[in-house]
Amino acid sequence: MIHPSVLRLELAVVGLMLAVLLGDAFARKASRRYWGAAVAAALLALAGYAAAGAGILPNASARVFTAEGGFLVDAFALWVKVFALVATAVCVLLTSRTPGEDAPGFAEQVVLQLGVGLGMMVLGSARDLISFYVSLELMAIGLYLLVAWRKEDPLSLEAGVKYLVYGAMASAILLYGMALVYGAAGSLEFGIIRQAAATRSDSIVLLAGFALLLAGLGFKVSAVPFHWWTPDAYEGAPVPSMAALSLLSKPAGFIILARLLFDVFWPLHAMWQGPVAWAGAATLLWGGLGGLSQTNLKRLLAYSGISHSGFMLLALASPTRSGVAAMLYYLLAYLLSAGLVFTAMCGAAGPGARYDLRDLSGLGRKSPWLAGALLLGLFGLGGIPPLAGFFGKLLVIRCVVSESGWGFAAAAVGGAVGSLYYYLVVVKAALSPEENGAPPIAPVGRSLRALTAALAFGLLLVGAWPASVWGALRNAAEALCQ
Amino acid sequence: MEPPGLNHWLVVSAMLFCIGAAGVVLRRNLLVVLMSLEIMLNAANLALVAFSRYGNGLDGQIFVFFVITVAAAEVAVGLAILVALYRLCGTVRVSDIATLKL
Amino acid sequence: MGHAFLLLLPLTAFAVGGLFLRRRHALAATVSTASALASAAWATWLAWAKADPAAGAVWLDAGGFTVVFRLEWDALARLMAAVVTWVGAAIHVYSWGYMRGDPGTGRFFAFLSLFMFSMLGIVLAGNLVMMYVFWELVGLSSYLLIGFWHERASAADAGKKAFIVNKLGDFGFLLGILVVWTVLGTVDFLDLQAAAPTFRDRLAASPLGFLPLGAVALLLFCGAVGKSAQFPLHVWLPDAMEGPTPVSALIHAATMVAAGVYMLCRLFFLFALSPVALEAIAWTGGLTALLAALWTVAQDDIKRVLAYSTLSQLGYMVMAVGLASPHAAMFHLSTHAAFKALLFLGAGSVIVALHHEQDLWRMGGLWNRMRWTSVAFLVGMLALCGVPFFAGAASKDGILLVALRENRALFALGAFTALLTSLYMGRLFVAAFLGAPRGEAAARATENGWVMKGPLAVLALFSFAFAWRGGWAHDCLATLVGAPMEHAPAVVHAFFILIPLCGLLGAWALYREKPTDALGQLFPGLRRALASKFLFDEFYLWLVRGVQERFAAFLRGVDQWGVDGLGVRGVSLAAFCLGNVLRCFHSGSLQFYGFLLGLATAALLIFGVLR
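Before going into details, it helps to say that this report is about the structure given with it.

Rules of the game
Residues numbered from 1 in each chain as written. Chains lettered and ligands numbered in written order. Predicted model: local features only at pLDDT ≥ 70, side-chain atom pairs only at ≥ 80, totals over all residues. Heavy atoms only, no water. Helix = DSSP H or I, 4+ residues; strand = E, 2+ residues; numbered from the N terminus. Rg over C-alpha atoms; globule rule 2.2 N^0.38 Å. Contact = heavy atoms within 4.5 Å. Areas by Shrake-Rupley, 256 points an atom, 1.4 Å probe, with all protein chains shown as cover. Buried area = accessible area lost by both parts, 1.4 Å probe. Polar contact = N/O pair within 3.5 Å; in protein donor to acceptor, adjacent residues only side chain to side chain. Nonpolar A, V, L, I, M, F, W, Y, C, P; charged D, E, K, R; others polar. Salt bridge = Lys/Arg side-chain N within 4 Å of Asp/Glu carboxyl O. Core = buried A, V, L, I, M, F, W, Y, C linked by side-chain atoms within 4.5 Å. Buried < 20%, exposed > 50% of the residue type's maximum accessible area, 1.4 Å probe, protein only. Phe/Tyr/Trp six-rings, centres within 6.5 Å; stacked < 30°, edge-to-face > 60°. Expected span 1.5 Å × (residues − 1). Patch = residues over 30% accessible without salt bridge, like charges linked within 9 Å, V, L, I, M, F, W, Y side chains within 5 Å. Axes fitted to C-alpha atoms, helices over the stretch in contact; angles between N-to-C directions. Parallel < 35°, antiparallel > 145°, perpendicular 65-115°, else oblique. Left-handed = near helix turned anticlockwise from the far one by under 90°.

Things to note about the overall build of chain A
(1) Moving on: Per the secondary structure count, chain A includes 19 helices and two strands.
(2) Moving on: For chain A, whose C-alpha radius of gyration is 21 Å, the value lies close to the compact-globule estimate of 23 Å for 482 residues.
(3) Moving on: Across chain A, contacts joining residues at least 24 apart in sequence account for 81% of those joining residues at least 6 apart.
(4) Moving on: Here chain A has roughly 13,200 Å² of accessible surface; of this, 65% comes from carbon and sulfur atoms.

Here you go:
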């Protein structure tokens, strides 16, 4: 019997989903003006509650299991929940700008985003293969719909189909890996699988299952060579869904990857370290180079996202707590900077926009606020100090130098310079004089302003004073690597 | 003739998995591609049930129920997107959806 | 105590100006200028009182490696802080006049304050990580200021180029920092200095043992190559003249480009470990000095003349560091900051008076129309040429003396560069200020107001040698030098006097009353060769174009950036090529993706099982 109080955060999100659905059925149109803001505020309040420990954990090193052991709350899981709640709030606020709160289907879209966020929250606590698989699919199915959301737009549908087929194939591979791991270990529980990995590390079935699990997660985090879907899905998806892809789905992939590598399959770490590092370097360079001659902002951001995945993989490839903590810090920096970029994009164009770079022309003149957010976000992604992205990169490269070696560090710095180049291309496009045909901009609303201000403040705070979050991240990393 | 053992089931499931994967990669109609995906999932289910039957307790079979449920949801979503695609573009051929590239 | 105010003052001015005063130009300018003046006064007081900064606070404690936020205030930092704040303050005041009426004035002053903040951060940084953070911030604010008139494509491109070329240098710098950090386990300058003697052994014992010591030093030097625009990363500095003239004066003459030299001096104890690295540094500096001086002789744009001359002078400083005398480098850095800022502001004054005419050969006769500016410019010029009693003489002769003692070849190179320096400066002065006006704008030019004349006067004062010989600046320098400045035999002194004299007289003879470039008319081939910067650009461009046509399919969409150096261009070309090859995999075909996924999975499976 699972004690419901352990699940209080998840239950609260479910309650919120129900409230939005019911509200949609009964509320009049005129009363919907601040729905997005209200949902986001509720999510942020929950995030604050979770950050304060949520009354579940007596101290940072405690671990609370449910009776069956399939659900675990520790400092790591709690941090994941905070992250998921904040990222979901960002996505919901973006949705309330495009397509807007009075657009048909707004409530459903919000419910789906809440579901994706819920999936990530459960995933952080997953302690057996069933909760792992179900929560991952909870996210994936919601995202298939969100990517294909604009059903009057062939590109959105195409992106949805591609993401669905590719994602389902990857999840079948993942599932097959789970079946093999289950067969080799004799149990679905992570604890027992860990024992099996320690005692029977030469079992071919176990190793094959592990390899398939990594392949399936490689899709989630868009690691080379499993990343083929990323640019197409990003380009076709509406911006809020793109935000959900990169702020929820990808971090969730990294979270469960960290759980698998540093907890469940830790006994095999001498085996996975090399491949993860190589995949990280390849991912980083692919993302850094592939984006160089892109002319579409969404596609460019997809490559940028791939390059960031490479950085986080490299962080995971250094099998120490510092590696995990650096990865968590990097994720946070990515959330803040990419969030700013997505916010600026949502503000700069309406729902059907293609976001070719030249459509951005004149943004600096038309809306200095949005242009500033875009600039700050891109500099954050590029790792310009004192923004958080800089310390993220520095910490990762520091880990890489001491654990993976010199060549990987050089690749990391090189990839960072490459991607910085294309961020500057975007900046130049946004600051160039207006061309004919660039779309007009609706006034920036209050909630969007608040969102940009909050994200920018966070980006500066976390960057200029890393100690403000470092303690929490370190606790999370220590909870993971027990 | 000896009765089929764990390895036989595993071989069958691996073959099913490969057939499914080949279907996804080779078939031209998106509906068939979706069916092939189902075959891949069911191959995994078969492996789970086989492991469960040969000595690993009932956990695996419970897992299979979850997988079946999830797969149903996935197919529902997939079909919904296919219907929308067919209404808008009049096609469900894989080769027709290659606008997003490079 | 209170050293943090030096950082907080400009930071506050930036935050206030950037957030609230973008439209209220006068107020933004006041706030920014007040902060610059206040930090100059405060820095002087702190330097005079020799106050010690407070102990640092833990900034980042990432398990195993800790970074402490600590401010440095030794003689080196004091001298540099004084130079930066005073030159900065003068330029803030001057900008009131220069930027009058520009619609972006508020933004301009906010960025200026951001720059002051970052530059002072480099000066005060107590460890490598802090220095790198501010190093990057300086790059960022320079990017923002060069591209200040961002609606002009050339300005936006120049900003981007400066940023990326600097990034290439920083790439090496960061790697160097990481190696030092990994090997010595600390980034704090004091700890590093204490641990430096063991560096060679600990490096050999570490996993990075395959790296020779010289390579590590050269990695760190990369940072200075980028920031101080040394050959072959010099290409960004001349383009950076697209920014407003006060920015050129502040960033690209007096402070930012000096940051590289400052870093070399700050970390000299590391460079000193490797004679090979010092040799390479010295030759890089010497080569930059000579090449830039040669190119300057054929420049026609007044700002570009000064830009190339800056390159050349930076080469001197780097050469001095390479010859193991960082004090000589710092001395020249300080005097150069004063007189080069003076020259740039003088040029800016001319440019404003001539309604943004920058071609030397359309000026002329300004001596009579703009006496104040002309006298100030003359002082700056004499200082740059190294005429006795002016600041440049003391500092440049110091470097040449060191070269005479350490390396005769470099001495010859440096002396020839000095001759060229006085030649091109004489050319500039003769063409712009003497003779008859050659353009309509020049004929109607009038002197600017006091806001622009005042800073010129202050900087002119600092261009005299006595300003550096007495009082507090001398104390700072003496601490740095450790020994009195060297005394040379009389014959060497005579030689040093002869050099600028020859150059200036040569320029007078060549260019007097000439409507166009006289040297160019005498030796058109020579002029073409010099103006082409020895065809480096064209050769690279031709090479690149030939390759491009062959691989046109891959190279579609490659735009023309960084054509100036094989390093920059080659790397970018390779990156674009590879990027486009990688893009080809994203064919848009769902089933191809599925196939690749299956292939990758199979490969991973085989790897996992067989291993």
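And the narrative resumes.
With respect to the interface of chain A and chain C
(1) Moving on: On the side of chain C, 60 residues touch chain A, which itself brings 67 residues to the contact.
(2) Moving on: Of the roughly 6,000 Å² buried between chain A and chain C, counting both surfaces, carbon and sulfur atoms make up 78%.
(3) Moving on: Summed over the shared surface of chain A and chain C, the number is four residue pairs in polar contact (both at pLDDT 80 or more).
(4) Moving on: With 13 residues, helix α17 (residues 406-431) of chain A is the largest single contributor of residues to the side of chain A that touches chain C.
(5) Moving on: The residue makeup of the side of chain A that touches chain C, split by class, is 53 nonpolar, seven polar and seven charged.

Thoughts on the interface of chain C and chain B
(1) Moving on: Each partner contributes residues to the interface: chain C has nine residues there, and chain B has twelve residues.
(2) Moving on: Summed over both sides, the interface between chain C and chain B buries roughly 800 Å², with carbon and sulfur atoms accounting for 58% of that surface.
(3) Moving on: Taken together, the links from chain C to chain B amount to zero salt bridges.
(4) Moving on: Counting across the interface, chain C meets chain B through three residue pairs in polar contact (both at pLDDT 80 or more).
(5) Moving on: Among the elements of the structure, α30 (566-585) and α31 (590-610) of chain C are those that each provide at least two residues to the side of chain C that touches chain B.

A few points about the nonpolar core
(1) Moving on: Counting 466 residues, the largest nonpolar core has Phe132(A), Phe265(A), Phe342(A), Leu30(B), Phe63(B) and Met425(C) as its most contacted members.
(2) Moving on: If you tally residues by element for this core, the top one is helix α6 (residues 154-185) of chain A, at 23 residues.
(3) Moving on: The contact partners of Phe132(A), leaving out residues within four places of it in the chain, are Leu123(A), Ala126(A), Leu174(A), Met178(A), Phe190(A), Leu213(A), Leu217(A), Ile256(A) and Leu260(A).

Observations concerning the environment of Tyr593(C)
(1) Moving on: Assignment of secondary structure puts Tyr593(C) in helix α31.
(2) Moving on: A sequence separation of 277 residues divides Tyr593(C) from Tyr316(C), and the C-alpha atoms of the two residues are 57 Å apart.
(3) Moving on: A distance of 2.7 Å separates polar atoms of two side chains, one belonging to Tyr593(C) and the other to Asp232(A).

Here we look at the packing of aromatic side chains
Two aromatic rings, taken as a pair, are described by how far apart their centres are and by the angle between their planes.
(1) Moving on: Scanning all chains against the criterion turns up 40 aromatic pairs over all chains.
(2) Moving on: Between Phe219(A) and Trp229(A), the aromatic rings sit 5.2 Å apart at their centres with planes inclined by 50 degrees, giving tilted as the arrangement. Note that Phe219(A) is positioned in helix α8 (residues 204-220) and Trp229(A) in the loop between α8 and α9 (230-236), a separation of ten residues in sequence. A single burial state applies to Phe219(A) and to Trp229(A), both of which are buried.
(3) Moving on: Centroid distance Phe108(C) to Phe109(C): 5.7 Å. Interplanar angle 90 degrees. Geometry classified as edge-to-face.
(4) Moving on: Taking relative accessible area as the criterion, Phe108(C) reaches 0% and is therefore assigned buried.
(5) Moving on: Each residue in the set Tyr144(A), Tyr163(A), Tyr166(A), Phe219(A), Trp229(A) and Tyr234(A) is aromatic and connected to the rest through ring pairs, giving one cluster.

Digging into helix α15 (residues 302-322) of chain C
(1) Moving on: For α15(C), which comprises 21 residues, the first-to-last C-alpha distance of 31 Å matches the rise-based estimate of 30 Å (1.5 Å per residue) to within 8%.
(2) Moving on: For α15(C), the N-terminal cap is Asp301(C); the gap from its side-chain oxygen to the backbone nitrogen of Lys303(C) is 2.8 Å.

So, a nonpolar patch on the surface
Residues and elements named next belong to chain B.
(1) Moving on: A cluster of nonpolar side chains, Val-11, Met-15, Ile-19 and Ile-39, forms an exposed patch at the surface whose accessible area comes to about 360 Å².
(2) Moving on: Ranked by residues supplied to the nonpolar patch, first place goes to helix α1 (residues 6-26) with three residues.
(3) Moving on: Its location among the elements puts Val-11 in helix α1.
(4) Moving on: A relative accessible area of 47% means that Val-11 is categorised as partly exposed.

Side note on the pattern of salt bridges
All names here are of chain A.
(1) Moving on: Evaluation of the coordinates by the stated rule reveals 19 salt bridges over all chains.
(2) Moving on: In this structure, the salt-bridge partner of Arg-259 is Asp-74, at a minimum N-O distance of 3.5 Å. Here Arg-259 is found in helix α10 (residues 239-264), whereas its partner Asp-74 is found in the loop between β2 (72-73) and α3 (75-100), with 185 residues between them in sequence.
(3) Moving on: A salt bridge links Glu-235 to Arg-299, with the shortest nitrogen-to-oxygen separation between them at 2.7 Å. Remark: Arg-299 occurs in helix α12 (residues 297-316) and Glu-235 occurs in helix α9; sequence separation between them is 64 residues.

Points about the packing of α12(A) against α17(A)
All names here are of chain A.
(1) Moving on: Viewed as axis vectors pointing N to C, α12 and α17 meet at an angle of 160 degrees, and their least axial separation amounts to 11 Å. Comparing their axes, α17 and α12 come out roughly antiparallel. Relative to α17, α12 is oriented so that their crossing is left-handed. Every residue of α17 that contacts α12 at Leu-297, Leu-300, Tyr-303, Ser-304, Ser-307, His-308, Phe-311 and Leu-314 is listed here: Phe-408, Ala-412, Ala-416, Ser-419, Tyr-422, Tyr-423 and Val-426.
(2) Moving on: Classifying every residue of the contact of α12 with α17 by side-chain character gives eleven nonpolar, four polar and no charged.

With respect to the packing of helix α5 (residues 129-147) of chain A against α10(A)
Each packed pair of helices is defined by two parameters, the angle between the axes and the distance between the axes.
All names here are of chain A.
(1) Moving on: Contact pair α5 / α10: the axes reach a minimum separation of 10 Å and the direction vectors enclose 165 degrees. When the axis of α5 is compared with that of α10, the two are roughly antiparallel. Considering how the two elements wind past one another, α5 and α10 form a crossing that is left-handed. Listed contacts from α10 to Phe-132, Met-139, Leu-143, Leu-146 and Val-147 of α5 are Ser-241, Ala-244, Leu-245, Leu-248, Ser-249, Ala-252, Ile-256 and Leu-260.

So, α1(B)
(1) Moving on: Across its 21 residues, α1(B) extends 30 Å between first and last C-alpha, which sits within 8% of the 30 Å expected from 1.5 Å per residue.
(2) Moving on: What α1(B) keeps buried is the set Leu10(B), Ser13(B), Phe17(B), Gly20(B), Ala21(B), Gly23(B), Val24(B) and Val25(B).

Brief notes about the side chain of Ser13(B)
(1) Moving on: With respect to the helices, strands and loops of the structure, Ser13(B) is situated in helix α1.
(2) Moving on: Setting aside its immediate chain neighbours within four residues, Ser13(B) contacts Tyr176(A), Ala43(B), Leu46(B) and Ala47(B).

A closer look at unusual backbone geometry
(1) Moving on: A cis amide bond links Val224(A) with the next residue in sequence, Pro225(A), at an omega value of 5 degrees.
(2) Moving on: On the secondary structure map, Pro225(A) appears in the loop between α8 and α9.
(3) Moving on: You will see that Ser222(A), though not glycine, has its phi angle at about 45 degrees, which is positive.
(4) Moving on: Positionally, Ser222(A) belongs in the loop between α8 and α9.
(5) Moving on: One non-glycine residue, Ala324(C), lies in positive phi territory at about 65 degrees.
(6) Moving on: Structurally, Ala324(C) is set in the loop between α15 and α16 (326-353).
(7) Moving on: Since its relative accessible area comes to 41%, Ala324(C) is described here as partly exposed.

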